[in-house]
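# Working through the structure, step by step
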Amino acid sequence: MSTDRLDTEASTEAAPGAEAAPETETEADPETEAAPETESASETVSGTADGSGGSDAEAADGSTGDTELSQAGAEEADGAESAEETATEATGETAAEATGAAGAPALSEAEAELAAQRELRARIEQRKAEKDGPIQAGTKLSGRAADLLAAVRAVEGGEKPSVHFPPPAPEPRRPAPAAPAEPHPVRPAAAPTGAAPETVSSVRAVLAAGGAPEALAVRAAGTLGEQAADALREDPWQLLSVPGVRPEQADGFARALLGAECGPGDERRAAALVGWLLERAALQGHTALESDAVRAALAERSVPDPDGALQSAVADGAVLVFQDALDTAPGAAAEREGGQDADAAGSEDEAAPQPVRVLLGLDRYALAEESLADGLARLLNAGALAPGGEQAGWERAAADAPSPSAAELIRAVARDGLVAHTGGEAARTEPAAVVTAARAMGLRAYAAAHTPDGRRRLAAALDDPAAAVTVSGLLAGSEGLGRDGEGALALDLLAVVDAPQLDVESAAVLVESLADGSRLVLSGDPGVLGSAGAGQVFADVLAARACPQLASRTPDPGPIGELVSGIGIGELNQVAAPGREVVIVPVREPGEAVHRTVQLVADSVPRAIGVPVSDTQVITPGHGGPAGTRALNVALKERLNPGPGRFGGFDPGDRVAYTPAPGRTLPGTVVSADADGLHLDCAGTPVVVPKDRVEASVRHGWALTAHQAAGLRWPAVVVVLPGDAAGGLSRPWIYTAFGRGERHLSVVHGVDQALPHAVAEVPAQPRTTRLRTLLRPAAV
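Treat the numbers as computed from the prediction; the structure is a model and nothing was measured. (Residues numbered from 1 in each chain as written. Predicted model: local features only at pLDDT ≥ 70, side-chain atom pairs only at ≥ 80, totals over all residues. Heavy atoms only, no water.)

## Focus on the pairing of strand β13 (residues 616-619)
- Burial of β13 is two-sided: the residues Thr616 and Val618 facing one way and the residues Gln617 and Ile619 facing the other way are all buried.
- Pairing of β13 with strand β20 (residues 714-721), which is carried by four bridges, proceeds in the parallel orientation. Each residue of the ladder has a partner; that of Ile619, found in β20, is Val719.
- In this structure, β13 lies alongside strand β19 (residues 703-704), joined through two bridges in parallel fashion. The partner of Val618 across the bridge, within β19, is Ala703. (Buried < 20%, exposed > 50% of the residue type's maximum accessible area, 1.4 Å probe, protein only. Helix = DSSP H or I, 4+ residues; strand = E, 2+ residues; numbered from the N terminus. Pairing = 2+ DSSP bridges.)

Next up, the structure:
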């Protein structure tokens, strides 16, 4: 790579690999934070589950300590900037209603999507209640509390479990959730109605008696319902279900209310902790946790009898218990390969029980995974829509396909109702070719992306741009043809790109909304960061091999594509960049990283590369720290759009990241503000954010995290790697961040050898889910 200067202050180009490390070693600033709040650093539930472990201040007499809730109010105000930010960039309820053009109340896009999810959960729960015995789906053991407890005792007592459960008889498809009949644009969302004032007032009184900040009253009333005050008096640890409250804070609240009756072994405390651990795990992508991990975390929280606490939680129905069969015990395959004594090995295999793992989960994610597995099996078993002439049409389309990979995908879709497709950015043209071919045959076919930016790129690859939609818009009814008389989406074929961004609940709603006989293509890049919500739908579908899988042979072009492709297989290669497509800017400490980043965005990239400031995006590992999104956005605003922040910290012209629902980020620009709220322009779509939602759902957006940037691309990207973020880097994070640039990538490099180490040796953190197991009976 050449050594031409991009920066006027002697920043040099170099390869990001080990052989081209900066000449100067990275120096950590002793005055700065030890590490930023990184997205990729998922906390382990076992051991130090939340980074603090058990309370050292708890007295020997069994009291839980009297930690005050002084931090809870701050966490509540900070909203999405809490530790759970990895999965939900903005917490809180979605806006409730908007006023349509005709003056009638209308659902916002985000609220319609969440309403559909709630409707689906209610229908699944009704279906579950209608069954006489335990629900048998895959290898789940659930139902009556006695059955659950018996399963736990059998597995943990060493008894040989039953690891095969026949799938339930297929049920007639039920109507999908209702949605607005006519498409509508993104509308200003009104503030949520919330709890009644008298409920909030009574909750505020209880919180005051327990020393909790009054700022929690509205959220607690919304979480616990009309009887929130009575519930908190009877069980103070229910405060732990309120977002932003931590166990030590709930312990202090309980101690203030209960006095001497409060102790670490209280059954109410144990039940609340189990639920909190599982909810926290969901924010990290898990839909369930191994029982040993939950037991260890309870012990860290000074629960004297973790086994009894788990059994009580299961008996009370607070959590569900499952046992999933493992393929082989650790080391079993190696032992079989080592010495082939057929007679002895055969007798041992017959006697040895198949290994299993015991999982605990919340019903909302368990039901979503079961519904999704059933729906995918339904699509797979339905097969092709029609034989004969239509099949001939598919063959003609394959013959005219723009590439061999596209032809192969078209033939696969013609044969099967469910197909998985993998590939990078350039491979998006292949599912687009399938949609174009289907529409040419008169089928109702659409391609769905994760973000409006992804929809824009899809539209460019389609003959008819109207065939490109977003998943959220499709479910909300604002995009596509709406729904048919039975409530199913009015389409015959759907190709979902950015499939790794599908969380299990959204995927369940989407698949449940597809009519029998519909075709579904799940397409995406398996190397990128996973969904912000719980689950790993695309990875589980690929691992279960429950449907035909095709890998694209269309590589991403240019030096950036070559660099990212190498990262995907664990290699950080030196690439030739004659047009300065890839530039490395070495820095020594976070302050210098901020300075260089501002210089690149404001001067060097526009001048040397020709990409304007508005098309250049900064990506950094986390929100906190001296070079996190907060610090970078402050510096970039000061340089690019200085102002007093008179609209709740924002000024007209500020770049922002708007989060209408957890896990969805819309880049935009501030236009103005009035009594209705903050007016934004999100890629040409006007959005009004109510004043009481601005703090929780709008951030400055010159700098984003890689999770926020997933599904988006810009002409130029500046990736900031400060030295204090070295421990939070992983291959998927680097792959995602580096792949967001279309024409240019600058890397502000301050992590020295941590970058090649992360690419080569730090894969994605595994998520504990059950979908793979549930899909195995349908594997082809």
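## Description of the packing of helix α15 (residues 404-415) against helix α16 (residues 429-440)
- Taken N-terminus to C-terminus, the directions of α15 and α16 make an angle of 55°; their axes are 9 Å apart at the nearest point. Between α15 and α16, the interaxial angle falls into the category oblique. In this structure, α15 meets α16 at a crossing whose hand is right-handed. Across the interface between the two elements, Ser405, Ala406, Leu409, Ile410 and Val413 of α15 pack against Glu430, Pro431, Ala433, Val434 and Ala437 of α16. (Axes fitted to C-alpha atoms, helices over the stretch in contact; angles between N-to-C directions. Parallel < 35°, antiparallel > 145°, perpendicular 65-115°, else oblique. Left-handed = near helix turned anticlockwise from the far one by under 90°. Contact = heavy atoms within 4.5 Å.)

## Observations regarding the pairing of strand β7 (residues 445-449)
- Most of β7 is tucked away, with five of its five residues classed as buried.
- As paired elements, β7 and strand β9 (residues 493-496) share four bridges and run parallel to each other. Looking across to β9, one finds that Ala448 is bridged to Val496.
- When β7 meets strand β8 (residues 468-470), the two strands line up parallel, connected through three bridges. Paired with Ala448 across the strands is Val469, a residue of β8.
- With respect to chirality, the unit in which β7 leads through helix α17 (residues 452-461) into the neighbouring parallel β8 is right-handed. (Right-handed = clockwise from strand over helix to strand, strands pointing away.)

## Description of the sheet that holds strand β4 (residues 320-325)
- If you walk across this open sheet you meet the three strands as β3-β5-β4, and the pairing is antiparallel. Two strands bound the open sheet, and with one partner strand each, they are β3 (289-290) and β4.
- The pairing of β3 with strand β5 (residues 356-361) spans two bridges and is antiparallel. Directly across from Leu289, in β5, lies its bridge partner Leu360.

## Thoughts on the confidence of the model for the chain
- Residues of the chain with pLDDT of at least 70 account for 70%, and the chain-wide mean is 79.
- Segment residues 1-5: pLDDT under 50, and 14 contacts once partners within four positions in sequence are set aside and those in other chains are kept.
- Under a pLDDT of 50 for its full length, residues 158-193 has, in the predicted model, 97 contacts with residues more than four places off or in other chains. (pLDDT = per-residue confidence, 0-100.)

## Here's the deal with helix α26 (residues 731-738)
- In terms of residue burial, α26 counts as a mostly covered element, since seven of its eight residues are buried.
- Those residues of α26 lying buried are Pro732, Trp733, Ile734, Tyr735, Thr736, Ala737 and Phe738.
- Those residues of α26 that are buried lie in contact with α21 (558-568), β13, α25 (706-709), β20, β21 (741-749) and α27 (754-761).

## Focus on the environment of Glu390
- Within the fold, Glu390 resides in helix α14 (residues 389-399).
- Considering only alpha carbons, one finds Glu390 and Gly442, 52 residues apart in sequence, at a separation of 9.9 Å.

## Some remarks on the sheet that holds β8
- Reading across the sheet, the six strands line up as β8-β7-β9-β10-β6-β11 and stay open at both edges, with parallel pairing between neighbours. Of all the strands in the sheet, the pair left with one neighbour each is β8 and β11 (549-551). Strand after strand, the sheet turns through a mean of 25° between neighbouring axes, direction not considered.
- Strands β7 and β8 of the sheet are contacted by α17, whose axis makes an angle of about 170° with β8.

## A word on unusual backbone geometry
- Positioned with a positive phi, Ser302 is a non-glycine residue whose angle comes to about 65°.
- Looking at where Ser302 falls in the secondary structure, it is placed in the loop between α9 (291-300) and α10 (306-315).
- For Ser302, a relative accessible area of 26% corresponds to the partly exposed category.
- Even without being a glycine, Arg545 presents a positive backbone phi close to 50°.
- Looking at the element boundaries, Arg545 is found in the loop between α20 (537-544) and β11.

## With respect to the pattern of salt bridges
- This structure, assessed with the given rule, holds 28 salt bridges.
- A salt bridge links Asp266 to Arg268, with the shortest nitrogen-to-oxygen separation between them at 2.9 Å.
- Owing to a relative accessible area of 15%, Asp266 belongs among the buried residues under this scheme.
- One salt-bridge network, in which partners are shared between bridges, spans Glu425, Arg428, Asp453, Arg456, Arg457, Asp498, Arg713 and Glu742. (Salt bridge = Lys/Arg side-chain N within 4 Å of Asp/Glu carboxyl O.)

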